[in-house]
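Residue-level structure breakdown
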Amino acid sequence: MQLTVNGKSYDVNVPSDMPILWVIRDKLGLMGTKFGCGAAQCGACTVHLDGQGIRSCVAPVSRAEGKEIVTIEGLNDTLSKPLMAAWTEIDVPQCGYCQTGQIMAAAVLLRDNNNPTDQDIDNAMSGNICRCATYQRIRKAIHLAAELKKSSS
Amino acid sequence: MAGVIAVCNLAMMNNKIVKQREAESKAAFAEAYKVFMHPRCMNCHPAGDVPLQGDDSHLHTQGVKRGVDGKGLYAMKCSSCHQAANLDGDHLPPGHPNWHLPTAARPMVFEGKSPRELAMSFKDAKFTGFKSMDQIIEHVEHDKLVQHSFTYGTRPPLSHDEFVAKVKEWIGKGAAIPDK
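Let me begin by describing the structure that accompanies this report. (Residues numbered from 1 in each chain as written. Chains lettered and ligands numbered in written order. Predicted model: local features only at pLDDT ≥ 70, side-chain atom pairs only at ≥ 80, totals over all residues.)

1. Looking at the overall build of chain B
This is how the line gets drawn: The way it works is that DSSP assigns letters per residue, a run of H or I at least four long becomes a helix, a run of E at least two long becomes a strand, and they are numbered from the N terminus. What the globule rule says is 2.2 Å times the number of residues to the power 0.38, and the radius of gyration is computed from C-alpha atoms. With C-beta atoms placed from the backbone, a residue is buried if 20 or more other C-beta atoms are within 10 Å of its own, exposed if 12 or fewer are, and partly exposed between those counts. Whether two residues are in contact is decided by their C-beta atoms, placed from the backbone, lying within 7 Å.
A count of helices and strands for chain B gives eight helices and four strands. Along its sequence from the N terminus, chain B presents helices and strands in the succession α-α-β-β-β-β-α-α-α-α-α-α. In terms of C-alpha radius of gyration, chain B reaches 20 Å, well past the compact-globule figure of 16 Å for 180 residues. If you line up chain B on its principal axes, its C-alpha atoms span 80 × 30 × 25 Å. The buried share of chain B, taken over its 180 residues, is 27%. For chain B, the share of sequence-separated contacts (at least 6 apart) that also reach a separation of at least 24 residues comes to 57%.

Structure below.
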């Protein structure tokens, strides 16, 4: 099966119902994306498929054929730079396990909405669980990332 | 004199037939209503902008919202979790390629409606967006997402065929509005 991940083409020999998460971690060695619940409940495994945030732990790899997967390792600079700067500035993570999913979900929000309100952030992020409850810092960092993104463009 | 009596009898008979059809139409709707209000149907026709889940029709976890097109918001689109087909296993998302709620402009709310209120809504083109009552039949009979509602979890109390038959009977016999 031909897959495109972070702009690179891969030929993988896997069952068509294998979750995308298994393929990117175990077959391609891209370990940034995390396994959280395995049931699309927590958001830790969020990646982008043709720009859409998806829960890779339940999405069969057959869904990605002919499409572009982007993981946190391949997030484009327009989004990754302001998000990384904001996350660092606000010192968002505690244990950090869910943060890949948080950032990938935040990236979709920032791409589609230059001026997210608190409500927009809640709408976009309430499906990403953080057991350290860093939610207030995530909200603050998304506001900052939006400002940084605007000032750099 | 005999002619007048005959006309009166005919009118009474017609009236009786009309009343009978109306009663049958209402009875058919009462049966179909059990399906409309079953969680497999109503969960995607909520009163608010949050879909419902489960047999107790609780608010969808994760704070999922309708969005303008009925397909969710940002990284919380329906298809972020719901795949093209049901996933095997407990508590895994059911799936269909066209998983969605009605749009924000036409939310088609079922939740909280009495049979009378729901039947009146179905006869309102602004509610359904349909040009004729026949399109309601078309929707319940052929819409893939409607059909899919009969394939997973606790099933509605009628089979899909029985449900379609009741909707057809309701409309075919005049789409009578229930009393309550």
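2. A short note on unusual backbone geometry
Residues and elements named next belong to chain A. The phi torsion at A40 lies on the positive side, around 60 degrees, for a residue other than glycine. Structurally, A40 can be placed in the loop between α1 (20–27) and β3 (46–49). Despite not being glycine, D50 shows a phi value in the positive range, around 50 degrees. As for its position among the elements, D50 is in the loop between β3 and β4 (52–55).

3. Section: the interface of chain A and chain B
Put simply, the test is: We call Asp, Glu, Lys and Arg charged. Ala, Val, Leu, Ile, Met, Phe, Trp, Tyr, Cys and Pro are nonpolar, and the rest, Gly among them, are polar.
With 20 residues of chain A in contact, the opposing surface of chain B contributes 16 residues. Counting residues per element, the ones that place at least two in the side of chain A that touches chain B are β4, α3 (99–112) and α4 (118–125) of chain A. Classifying every residue of the side of chain A that touches chain B by side-chain character gives 10 nonpolar, six polar and four charged.

4. Brief notes about the packing of helix α6 (residues 134–142) of chain B against helix α8 (residues 160–172) of chain B
All names here are of chain B. Filter applied, for reference: Angles here are taken between N-to-C directions and fall from 0 to 180 degrees, while the axes themselves are lines fitted to C-alpha atoms, restricted in helices to the stretch in contact. Oblique is the label for any angle not covered by the other classes, which are roughly parallel (under 35 degrees), roughly antiparallel (over 145) and roughly perpendicular (65 to 115).
Put simply, α6 and α8 touch, their axes get as near as 9 Å, and they point 175 degrees apart. By the angle class used here, α6 and α8 are roughly antiparallel. Together, I136, I137, V140 and E141 of α6 and F163, V164, V167, K168 and I171 of α8 make up the contact between the two elements. Each residue belonging to the contact of α6 with α8 can be placed in one class, and the counts come to seven nonpolar, no polar and two charged.

5. Regarding the packing of helix α2 (residues 77–90) of chain A against helix α5 (residues 135–152) of chain A
For any two helices packed against each other, one specifies the crossing angle of their axes together with the interaxial distance. Residues and elements named next belong to chain A. Our working rule: A crossing counts as left-handed when the near helix is turned anticlockwise from the far one by less than a right angle, and as right-handed when that turn is clockwise.
Across the interface, α2 lies against α5 with an axial gap of 8 Å and an inter-helix angle of 135 degrees. In terms of axis orientation, α2 runs oblique to α5. Our pair here, α2 against α5, has a crossing hand that is right-handed. Along its contact with α2, which presents P82, L83, A85, A86, W87, E89 and I90, the element α5 presents R137, K140, A141, L144, A145, L148, K149 and S152. For the contact of α2 with α5, the class distribution of residues is 10 nonpolar, one polar and four charged.

6. A look at the nonpolar core
How we decide: Note on definitions: a nonpolar core is a set of buried residues drawn from Ala, Val, Leu, Ile, Met, Phe, Trp, Tyr and Cys, linked by C-beta atoms within 7 Å. Start and end points for every domain follow an automatic or database-based domain assignment.
Formed by 51 residues in total, the largest nonpolar core has its most connected members in I20(A), A106(A), A107(A), L109(A) and A124(A). Counting only elements with at least two residues in this core, the list comes to β1 (2–5), α1, β5 (68–70), α2, α3, α4 and α5 of chain A. Built from parts of two domains, this core gets at least three residues from each of domain 1 (2–74) and domain 2 (77–152) of chain A. Those residues in contact with I20(A) that lie beyond four places of it in its chain are V47(A), S56(A), A59(A), V61(A), A64(A) and I69(A). Membership of the second largest hydrophobic core comes to 17 residues, among which are M37(B), L118(B), A119(B) and W170(B).

7. Some remarks on α2(A)
Residues and elements named next belong to chain A. Heads up, the rule is: Helix span, expected: 1.5 Å multiplied by one less than the number of residues in the helix. This arc describes the spread of directions from the helix axis toward the C-beta atoms.
The end-to-end C-alpha distance of α2, which contains 14 residues, comes to 19 Å, matching closely the 20 Å that a straight helix rising 1.5 Å per residue would cover. Every buried residue of α2 is accounted for by L79, P82, L83, A86 and W87. Within α2, the buried residues cover an arc of 130 degrees as seen down the axis, which keeps them to one side. Turned more than 90 degrees away from the buried face of α2 sit D77 and T88, all of them exposed. Elements that come into contact with the buried residues of α2 comprise α3 and α5. With its phi angle positive at about 60 degrees, D91 sits one or two positions after the end of α2.

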